[in-house]
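As a plain string of letters, each chain reads:
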Amino acid sequence: MATVQPHRVRPGRGTELLLLVPALGIGIAGYVLAGLGATGSVPPHVIAYAVGTTVLALVVHVVLRLRAPWADPVILPIVVALNGIGLTMIYRISIAYAERGRSEAGIADRQLAWTAISVALAIAVLWFLRDHRTLRRYTYTAMVAALVLIVLPLVPGLGQTINGARIWVRVGPVGMQPAEFAKIALAVFFAGYLVTHRDTLALAGKRVLGLQLPRARDLGPIILVWAASLAVLVLQRDLGTSLLFFGLFVAVLYLATERTSWIIIGLVLFVGGAGVAAATFGHVGARFDVWLHALDDEIFSRDPGGSGQLVYGLFGMANGGLFGTGLGQGRPDLVPFSYSDFIVAALGEELGLTGLIAILLLYTILVSRGLRTAIGVRDGFGKLLAGGLSFVVAFQLFVVVGGVTRLIPLTGLTTPFLAYGGSSLVANWIVAALLLRISDEARRPVPAVRAIPTPDIGIPLSAAGRSRPVGGGRSTGRTGTPAAGTPVVVGDAPIRTSTPALDTGPVPDDSPTQHLGADALLQDEPATDEHDTDHRGGETR
Amino acid sequence: MNTPLRRLATITLVMFVALMASATWVQFFQAESLNTDPRNVRTLYREHGNARGPIVAGGEAIASSVPVDDPFGYQRVYPQGDLYSAVTGFYSIANGRSELEKYENDQLTGRSDQLFFTRIRDLLTGKRPEGAAVETTILPAAQQAAFAGLAGQGGAVVAIEPSSGRILAMVSTPGFDPNVLAVHSTSEAAAQYRALLQAPGNPLRSHAIQERYAPGSTFKLVTAAAALESGSYTADTAVPSPTTLTLPQTSATIGNFGGSSCGGEQVSLAEALRISCNTAFASLGMTLGEDALREQAERFGFHDPELTVPMPVVESVFPSGLDPAQLAQSAIGQRDVQASPMEMAMVASAIANGGRLMTPFLVDTVRAADLTVVSKTEPQVFSDAVSASTASALTQMMVGVVDSGTGKAARINGVRVAGKTGTAQTVEGQPPHAWFTAFAPADAPRVAVAVIVENGGSMGNEATGGAAAAPIARAVIEAVLAS
């Protein structure tokens, strides 16, 4: 007798267009202010810059209208704003470098070019990847790709050691950091593998000390991939990426198995590993020294492996104080690599604590929209992929900003969307495109034809409808409790033959907890509902 | 999978809150100590990027910042070069800063708490912050007279207005040209700094307030003051004055300058001071005792490690635990008695001011860039060094020194000058330090001055306080009285 009635969801493209105005405004105004602050005059090419960035953002917006009309309307504006803030700061630092005749003076123009390339690739992802579940077919391809990408810098003649880390690949004039792309491939592999093996991982196996340990043959492949990545990264001295992959691994494993024990095991492994690494590898131990005793004179002036860069970054941030020196008025060029690893310190100096917290809040919203997408999407693979990608963004930011502000040891990663660097920008725009693609799936209302009258299985109305008080609150789309057994047609939900729920597709949703009846019914709840769509899935545990 | 997703969302939120907390820690709670970290060149760059306030003497800037077209934006210039180096000190990218540039830095940069509202206004109006102007108490004519008098000789002059403690002149020679240290080329500034560090006469150190010397006979003023304050002596009290005094428990003797007699086996206290009789003051010191001398010295400002003008003044010392022989030598300003030129100027100033010692100070007014007064130094009493009657008696005795005693070189037509010479033995074979401390006019003093010419200056072994130092004091007094 109960009927699930999706409340009305708007595609959100109008909202997105509206949000793009301030998002673009931040970048353009910042560009002008940086020029005014540093040189006293408006940047000569500001019109071209403004038109260029606006066109890029609008093209993505139009592609979303065509190919992912239900995509989350907040993700793109935030990414545009962050990218704009990054361009502003890189431009501002390039002015300082140009004044002092430094060779890095061209970074601003190159980052602008990378922005265009990133947007183009993000558009390609949105255009050609019509359904994120297609990626599940490439689970093992992704695994191989991730491993190849990780190993690539070690190939003689191809890899390059820059600043002590062998994480670069150079072919002709184009250099890239393959690890940035490996993180996407790994996220796809983890999601694809774990969605298949989640139950065996979660349920089969011994209990030791109250922890449910999985069977080796279930866990084996994934441990192997992760360990291989780790080993190679250790050879490359790329601590940040090792940490990032580890975090991704633990997070996705936890999502798939729903077992807190994974977090505990992960933390134990990590603390142990970090301890062993600090004692074994000189460069890891040095990082710990720098972290704990950054301001000691001896550590400060130690070369190599001193805390100079970190402390200069702290000086910069302290100089900014609460409200910052103003764009163009600080001295971010005094901090080594302030345009890449330490862009957060540069932003902290010129925009102050206020500006830095505003930027962190943008990330908070971005990540929460990504996780909201994961909650909303109906297939397990999509959940794991969206959850994993969102967490990668959050964790990468945590590792970078935590390192720069001395919350955790400094490991050297790029700040997503802000830092200078082609690989990082392209990879993160692709992450954004994937999240947009999955959110389109997550937010698209289930077509009316699915809202079938259900057999009376004795579920009280209050239970089925408990996610929202009947006819109450802000559910403006709801017009009232329909008569029992009456199919409800939601007016503006487009009916598409390729709707995911009908589309058994190439990748069946293999959630083993799926039952007919109550679960099937509840699954049809709209994704935008603020409550679990599959909270009943837990019954099988 | 939604429950763990929700938990993951909570975890990411916790991570972000931790980031905000650590950013707040760095940018708010730790900011002060990071900004003042000596390794933080940013503070220096920022100060150079803003208009640093001028240092002013007699209405003229003796240090100012002029806009230049380089990354720093402003260049510090010192129009008078080494004339005021003991007052302004230097301000350098490579070598930091000294003297007023250092001790008034917060005012000059505009970072002082007193300039808080000025800063807020600059912030709101978008105006580049400007530092406050520091106006000194220096009287340029007195400074020039002292500088000219010391020309080519190592030494120092300090002149004080006795009634207020205003420092009218403060010269240390050899000085240095702060302009060469203020150059923006770090390597050049560092090279100049090294050269000055190795230069003879230690030009970077202020001899007026940072060096201590044996005060020699000028210390007899303190011994005489202690005698008068004890109540057992007047200016006319006879004191023993043998030609040579054998020191108790030793075979060493104290003689008078040039081995002369003091005019009898006993002379009056006034006469002993007029001719600077060593034997008389040595025996007087033994009679008065160590404690009486040290207490008197302390009332004049000895043993004060906290005195700042606002630059710290080195502590002057009268030793303790003396045997009678050491006491006898200390009473005439030899042995381990050590005084800065500033301290001896304070002794003269206290006597001139009827026994009340005013705390010396160099900064008169601090004005914000819009000329509003940020702070003005009010004269403060340092101590009541001697009673008015003692001061009056000492003044008469000191007038005798200049009128007809060892200080005749300080006589000025129509002005009664009170003074005391000193010729301090240093190490064997080195010419003595020539001292003169004085004030004038004796009946209504406007200036008290102390002069030291190190190692006899241009007169070498022939130097005495009367010959080498008194003319300089006279020139300074004349300059003050003429203004």
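Residues numbered from 1 in each chain as written. Chains lettered and ligands numbered in written order. Predicted model: local features only at pLDDT ≥ 70, side-chain atom pairs only at ≥ 80, totals over all residues. Heavy atoms only, no water.

## With respect to the overall build of chain B
Here is step 1: Counting its regular elements, chain B contains 18 helices and 19 strands.
Here is step 2: The buried share among the 483 residues of chain B stands at 57%.
Here is step 3: Contacts in chain B between residues far apart in sequence, at least 24 positions, make up 69% of those at least 6 positions apart.
Here is step 4: In the form shown here, chain B has an accessible surface area of approximately 18400 Å², with 52% of it arising from carbon and sulfur atoms. (Helix = DSSP H or I, 4+ residues; strand = E, 2+ residues; numbered from the N terminus. Buried < 20%, exposed > 50% of the residue type's maximum accessible area, 1.4 Å probe, protein only. Contact = heavy atoms within 4.5 Å. Areas by Shrake-Rupley, 256 points an atom, 1.4 Å probe, with all protein chains shown as cover.)

## Details of the sheet that holds strand β14 (residues 363–367) of chain B
All names here are of chain B.
Here is step 1: Spatial ordering of the open sheet is given by β3-β2-β1-β6-β14-β15, a layout of 6 strands whose pairing is mixed. Pairing within the sheet leaves two strands with one partner each, and these edge strands are β3 (74–77) and β15 (373–376). Adjacent strand axes in the sheet meet at a mean angle of 25°, parallel and antiparallel pairs treated alike.
Here is step 2: Direction of pairing for β14 relative to β15: antiparallel, over a ladder of 3 bridges. The partner of Thr365 across the bridge, within β15, is Lys376. (Pairing = 2+ DSSP bridges. Axes fitted to C-alpha atoms, helices over the stretch in contact; angles between N-to-C directions.)

## Observations concerning unusual backbone geometry
All names here are of chain B.
Here is step 1: Across the junction of Thr173 and Pro174, the peptide omega takes the value -5°, indicating a cis bond.
Here is step 2: Inspection of the secondary structure puts Pro174 in the loop between β8 (167–173) and α9 (178–181).
Here is step 3: Unusually for a residue other than glycine, Arg335 sits at a positive phi of about 60°.

## Comments concerning the state of the cysteines
Residue and element names in this part refer to chain B.
Here is step 1: Counted under the stated rule, the structure contains 1 disulfide over all chains.
Here is step 2: In this model Cys262 forms its disulfide with Cys277; the gap between the sulfur atoms is 2.0 Å. What sets the handedness of the Cys262 and Cys277 disulfide is the S-S torsion sign, and at about 95° it is right-handed. Taken as a pair, Cys262 in the loop between β11 (253–255) and β12 (266–268) and Cys277 in the loop between α12 (269–274) and α13 (278–288) lie far apart in primary sequence, 15 residues in all. Accessibility assignment for this pair places Cys262 and Cys277 in one class, buried. (Disulfide = S-S within 2.5 Å.)

## A word on the pairing of strand β2 (residues 60–67) of chain B
All names here are of chain B.
Here is step 1: Relative to β2, strand β1 (residues 55–57) runs antiparallel, the two being bridged by 3 bridges. Bridge assignment links Val56 to a residue of β2, and that residue is Ala61.
Here is step 2: Taken together, β1 and the strand that follows it, β2, pair antiparallel across an intervening segment of 2 residues, in which Gly58 is found at a positive phi of about 55°.
Here is step 3: Both β2 and β3 contribute to a ladder of 4 bridges, which runs antiparallel. From the neighbouring strand, Ser65 faces β3, where its bridge partner is Arg76.

## Looking at the pattern of salt bridges
Here is step 1: Per the counting criterion, the structure on display carries 22 salt bridges over all chains.
Here is step 2: When the shortest N-O distance is used, the salt bridge between Arg133(A) and Asp131(A) registers 3.0 Å. Comparing Arg133(A) with Asp131(A), the two get one shared label, buried.
Here is step 3: The salt bridge involving Glu161(B) is made with Arg166(B); its shortest N-O contact spans 4.0 Å.
Here is step 4: Classification of Glu161(B) by relative accessible area gives partly exposed; the value is 24%.
Here is step 5: For Arg166(B), a relative accessible area of 24% gives the class partly exposed.
Here is step 6: A single network of salt bridges, built from pairs that share partners, joins Glu161(B), Arg166(B), Asp364(B) and Lys376(B). (Salt bridge = Lys/Arg side-chain N within 4 Å of Asp/Glu carboxyl O.)

## Some words on helix α2 (residues 46–67) of chain A
Here is step 1: Over its 22 residues, α2(A) extends 31 Å from the first C-alpha to the last, a length consistent with the 32 Å expected when each residue adds 1.5 Å.
Here is step 2: Buried residues in α2(A) make contact with α1 (13–39), α3 (75–99), α4 (107–128) and α15 (422–443) of chain A. (Expected span 1.5 Å × (residues − 1).)

## As for empty space enclosed by the protein
Empty space among the atoms becomes apparent when a probe as large as a water molecule is rolled across them.
Residue and element names in this part refer to chain A.
Here is step 1: Under the criterion given, the structure shown has 11 cavities of 30 Å³ or more.
Here is step 2: Of the voids in this model, the largest cavity is the one considered here, and its volume is about 130 Å³.
Here is step 3: For the largest cavity, the lining is made up of 15 residues, of which Leu24, Thr53, Val80, Asn83 and Thr115 are closest to its centre.
Here is step 4: Of all the elements in the fold, those that place two or more residues in the lining of the largest cavity are α1, α2, α3 and α4.
Here is step 5: The residue makeup of the lining of the largest cavity, split by class, is 10 nonpolar, 5 polar and no charged. (1 Å grid on protein atoms, 1.4 Å probe; cavity = no way out; pocket = protein on both sides within 12 Å on 5 of 7 lines; lining within 4 Å. Points joined across faces, edges and corners; volume = space filled by probe spheres on them. Nonpolar A, V, L, I, M, F, W, Y, C, P; charged D, E, K, R; others polar.)

## Section: the packing of aromatic side chains
Residue and element names in this part refer to chain A.
Here is step 1: Enumeration over the complete set of coordinates arrives at 22 aromatic pairs over all chains.
Here is step 2: Each ring, one from Tyr97 and one from Tyr339, has its centre 6.0 Å from the other, and the planes form 85°; the classification is edge-to-face. Here Tyr97, found in helix α3, pairs with Tyr339, found in the loop between α12 (308–320) and α13 (343–376); they are 242 residues apart in sequence, far enough to count as distant. Taken individually, Tyr97 and Tyr339 each receive the classification buried, so the pair is uniform in this respect.
Here is step 3: Grouping aromatic residues by their ring pairs yields a cluster made of Tyr140, Phe189, Phe190, Tyr193 and Phe249.
Here is step 4: Geometry around Trp127 places Arg67 over its ring, the cationic atom sitting 4.0 Å from the centre. (Phe/Tyr/Trp six-rings, centres within 6.5 Å; stacked < 30°, edge-to-face > 60°. Lys NZ or Arg CZ within 6 Å of the ring centre and 35° of its normal.)

## Side note on the UniProt feature "signal peptide" (unreviewed entry) in chain B
Here is step 1: As recorded in UniProt, the feature "signal peptide" (unreviewed entry) lies at residues 1–23 of chain B.
Here is step 2: What you have in residues 1–23 of chain B is 96% helix and 0% strand, and the ends, taken at the C-alpha atoms, are 33 Å apart. (UniProt positions renumbered as here; feature names shortened; annotations may be inferred.)

## Thoughts on the interface of chain B and chain A
By a widespread convention, an interface's size corresponds to the accessible area lost as its parts come together.
Here is step 1: With 36 residues of chain B in contact, the opposing surface of chain A contributes 61 residues.
Here is step 2: Each partner contributes to the roughly 4200 Å² buried at the junction of chain B and chain A, and carbon and sulfur atoms together form 68% of this total.
Here is step 3: Linking chain B with chain A are 8 residue pairs in polar contact (both at pLDDT 80 or more), by the criterion used here.
Here is step 4: Elements with a minimum of two residues in the side of chain B that touches chain A: α1 (2–29), α2 (31–35) and α3 (41–49) of chain B.
Here is step 5: Counting residues per element, the side of chain B that touches chain A draws most heavily on α1(B), which supplies 22 residues.
Here is step 6: Across the side of chain B that touches chain A, the residue classes tally to 20 nonpolar, 9 polar and 7 charged. (Buried area = accessible area lost by both parts, 1.4 Å probe. Polar contact = N/O pair within 3.5 Å; in protein donor to acceptor, adjacent residues only side chain to side chain.)

## Examining the sheet that holds strand β17 (residues 418–424) of chain B
All names here are of chain B.
Here is step 1: Spatially, the 5 strands line up as an open sheet ordered β8-β7-β19-β18-β17, and their pairing is antiparallel. The sheet terminates laterally at β8 and β17, the two strands that pair on one side only. Each neighbouring strand pair of the sheet contributes to a mean axis angle of 5°, computed without reference to strand direction.
Here is step 2: As paired strands, strand β18 (residues 433–440) and strand β19 (residues 447–453) are joined by 7 bridges and run antiparallel to one another. Across the sheet, Phe436 pairs through a bridge with Val451, a residue of β19.
Here is step 3: Lying over the sheet, helix α16 (residues 341–352) contacts β7 (155–160), β8, β18 and β19, oriented at roughly 150° with respect to β19.

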